[in-house]
Amino acid sequence: MADDRFYLIGNTVLAASVSCVHGGVMAVSKERRRGTLGMVLLIPRARVPLWAGRVLPYVGNGFLVMTFVVAAVSCAFFGLSLGALSLRVRDSSVVSNMAFTLLILFSGANLPHEAMPVWMRAVATVTPMSHGIEALRELFAGASCSAIWPDLAAEGALAAGYAALALVLLRHFERRSRATASPHIV
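A quick note: this is a predicted structure, and the numbers were derived from the prediction, not measured.

Asks: So, the nonpolar core: which residues are in play, and what are the values?
Replies: Counting residues in each nonpolar core, the largest one holds 39 residues, and the members touching the most others are Trp51, Leu80 and Met129. Here the element with the most residues in this core is helix α4 (residues 69-86); it accounts for nine residues. Beyond its immediate stretch of four places on either side in the chain, Leu80 contacts Gly24, Val25, Val28, Trp51, Val55, Ala166 and Leu170.

Below, the structure is given as structure tokens:
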């Protein structure tokens, strides 16, 4: 049984970062709901700055709420990846809520990674926030700042991976919508 600090640290990172997941999903789905997705997909501009700009307010929120911003960045791009996938479903809030539940289970916020079955630990290694939460716990346990760099680097790598996944998915769905001439419902 973990002490109160374990839950406090894990859930603090979870609470501060999960808005980035919801924000990433909503950044894409609101374009569709407002009827502007077609215009976004048809403008002759680079997509990377466009979609990255959509999640920056949520990353900024993570910066303001918590100084452990790497977890917020990985959550924002995880959310943008889910936002791209949510273009294939009618209700994006289902995607956001499922993601939040998975983050509660796998991030290590409420269950130590050591207590997880092997398959859950494997999933946890690619779950946003899991490395950020671990780094924060190490820091509170007295570790030096240099000791947490491996966890922060792993969280940064996840952020980069989810950013790449988000852009690939958005580009794929954009091409499909152009091919089927349906820019509003991808």
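Asks: Go over helix α8 (residues 149-179) with me, naming the residues and quoting the values.
Replies: Between the first and last C-alpha of α8 there are 45 Å, a value that for 31 residues agrees with the 45 Å anticipated at 1.5 Å per step. A positive phi of about 55 degrees marks Ala181, the residue just after α8.

Asks: I'd love a proper account of the side chain of Ser86, names of residues and values included.
Replies: Its location among the elements puts Ser86 in helix α4. Each residue touching Ser86, except ones within four places of it in the same chain, is listed here: Val25, Ser29, Arg32, Ser92 and Val95.

Asks: Summarise the packing of aromatic side chains; cite the residues concerned and give the values.
Replies: According to the stated counting rule, one finds three aromatic pairs in the structure shown. Residues Phe78 and Tyr162 carry aromatic rings whose centres are separated by 5.0 Å and whose planes lie at 75 degrees to one another, so their mutual orientation is edge-to-face. A residue pair is termed long-range when its members are at least 10 positions apart, and Phe78 in helix α4 and Tyr162 in helix α8 qualify at 84 residues. Among the residues examined, Phe78 registers a relative accessible area of 13% and is labelled buried. Take Tyr162: its relative accessible area is 14%, and that puts it in the buried class. For the ring pair Phe106 and Trp119, a centre distance of 5.9 Å and an interplane angle of 70 degrees mean the geometry is edge-to-face. Placement of the pair is Phe106 in helix α5 (residues 92-106) and Trp119 in helix α6 (residues 118-124), with a sequence separation of 13 residues. Of note, Arg54 hangs over the ring of Trp51, and the distance from its end group to the ring centre comes to 6.0 Å.

Cut-offs and rules
Residues numbered from 1 in each chain as written. Predicted model: local features only at pLDDT ≥ 70, side-chain atom pairs only at ≥ 80, totals over all residues. Heavy atoms only, no water. Core = buried A, V, L, I, M, F, W, Y, C linked by side-chain atoms within 4.5 Å. Buried < 20%, exposed > 50% of the residue type's maximum accessible area, 1.4 Å probe, protein only. Helix = DSSP H or I, 4+ residues; strand = E, 2+ residues; numbered from the N terminus. Contact = heavy atoms within 4.5 Å. Expected span 1.5 Å × (residues − 1). Phe/Tyr/Trp six-rings, centres within 6.5 Å; stacked < 30°, edge-to-face > 60°. Lys NZ or Arg CZ within 6 Å of the ring centre and 35° of its normal.

Bear in mind that shape data such as this cannot, by itself, settle questions of function.
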